[in-house]
Amino acid sequence: MRLFSVLAYGLALFFLCAVAFVFNSYNIPPALFLRDVAAISGRSPFLGLGSNLGAFALLVTSTVTLFSALLLKDIGRSYKLLLWLGLFSLLLFMDDFFMLHEKKFFIGIQEDYVFVLYSIFFALISMVMFRSSIDFDFRTLLASVIFFALSISIDIVQSFWDSPWRIFLEDGFKFVGIVSWSIFLIQASYLSVRGACHTSHGS
């Protein structure tokens, strides 16, 4: 645990040093990195609430899944599967929170290519899940796929539908898709850890 503490403090200090460097070199105020978005813009604290809740759900999901994978590293066969699922959820969180593919901020890949890469990665993980011994609740997985597909479909036709209802449906479907994905993975993590505990106690 000492290594974890050192790493956590190290990352926090690295972030603060990076903010100080950017301010000193480019005269970008530290408040832009440290203060809340609503406080900076003078807008309502509910600004972007749905988007923030979705990103928070993905972060919680990745944390629970990766922690479960860590618990199962030496006692369960689901370790690698949960590890990849947790990393995939963490990637979704990073993409959603920092708008990576929308703004081409870091990775510079077009949105269509990102969706294709995600689909391939998701398909590969799904094949492993179907072959796994874990009793997954695939109903919530199917629900997440359907809602994500609906959100992407509306995004594709956005140039033909200029209405606030388009945003409501596109981001609403995305939000429910994230919730479904979170339910699926947290349940899967619980079942994996519980199954491993029963196996170890039974032996």
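Sequence order sets the numbering: in each chain, residues are counted from 1 along the sequence as written. For this predicted model, a pLDDT threshold of at least 70 governs which residues receive local features, and a threshold of 80 or more governs which side-chain atom pairs are given and counted, while totals over whole chains, interfaces and linings are taken from all residues. Hydrogen atoms and water are omitted, and side-chain values are computed over all heavy atoms in the structure.

## Observations concerning the overall build of the protein chain
To be explicit about the condition: The helix count covers DSSP runs of H or I at least four residues long, the strand count covers runs of E at least two residues long, and both are numbered beginning at the N terminus. For each residue, the accessible area found with a 1.4 Å probe, counting protein chains only, is set against the maximum for its type, and the residue is called buried under 20%, exposed over 50%, and partly exposed in between.
Of the regular secondary structure elements, the protein chain holds nine helices and zero strands. Starting at the N terminus and walking to the C terminus, you meet the elements of the protein chain as α-α-α-α-α-α-α-α-α. In terms of its C-alpha atoms, the protein chain occupies a principal-axis envelope of roughly 60 × 50 × 30 Å. In the protein chain, which comprises 203 residues, the proportion classed as buried is 27%.

## A word on helix α8 (residues 138-156)
Convention followed: A helix is expected to reach a length of 1.5 Å times the quantity of its residues less one. An arc is given here, and it is the one of the directions from the helix axis to the C-beta atoms.
For α8, spanning 19 residues, the distance from its first C-alpha to its last is 27 Å, which sits close to the expected 27 Å at 1.5 Å a residue. Turning to α8, its buried residues are T140, L141, S144, S151, I154 and D155. Seen end-on, α8 carries its buried residues on one side only, within an arc spanning 160°. Structural note: α8 exposes R139, L142 and I156 on the side pointing more than 90 degrees away from its buried face.

## So, the packing of helix α7 (residues 111-131) against α8
Heads up, the rule is: Between N-to-C directions, angles span 0 to 180 degrees; the directions come from axes that are lines fitted to C-alpha atoms, helices contributing only their stretch in contact. Roughly parallel here means an angle under 35 degrees, roughly antiparallel means over 145, roughly perpendicular means 65 to 115, and every remaining angle is called oblique. Between two residues, a contact is recorded if the distance between any of their heavy atoms is within 4.5 Å. Following the grouping adopted for this structure description, the nonpolar residues are Ala, Val, Leu, Ile, Met, Phe, Trp, Tyr, Cys and Pro, the charged ones are Asp, Glu, Lys and Arg, and the polar ones are all others, Gly among them.
Orientation of α7 relative to α8, taken along the N-to-C sense of each, is 170°, at an axis distance of 13 Å. Classified by the angle their axes make, α7 and α8 are roughly antiparallel. Between α7 and α8, the residues in contact are E111, F115, F122, M129 and F130 and F138, L141, V145, I152 and D155, respectively. The class makeup of the residues in the contact of α7 with α8 is eight nonpolar, no polar and two charged.

## Examining the side chain of D95
Filter applied, for reference: In this count, Lys and Arg are taken as positive residues and Asp and Glu as negative ones, while His and the chain termini are left out. One side-chain nitrogen of Lys or Arg within 4 Å of one carboxyl oxygen of Asp or Glu is enough to make a salt bridge. Each polar contact in these results corresponds to two N or O atoms within 3.5 Å; when the atoms are within protein, one needs to be able to donate a hydrogen and the other to accept it, and residues that are neighboring in sequence are counted only if both atoms are side-chain atoms.
With respect to the helices, strands and loops of the structure, D95 is situated in helix α5 (residues 79-98). Nearest to the buried, unbridged D95 among oppositely charged side chains is K174, at 7.7 Å. Here Y118 takes part through its side chain, which lies 2.8 Å from a polar atom of the side chain of D95.

## Brief notes about unusual backbone geometry
Outside of glycine, negative phi angles account for most residues, and trans bonds account for most peptide bonds. Positive phi, normally seen in glycine, also occurs at N27, with a value near 60°. Looking at the element boundaries, N27 is found in the loop between α1 (2-26) and α2 (31-34). Taking the relative accessible area as the measure of exposure, N27 reaches 59% and is therefore exposed.

## Notes on α5
Taking 1.5 Å per residue as the helical rise, α5 with its 20 residues ought to reach 28 Å, and the 28 Å between its terminal C-alpha atoms agrees with that figure. With its phi angle positive at about 50°, M99 sits one or two positions after the end of α5.

Function cannot be inferred from these measures alone, as they are strictly geometric.
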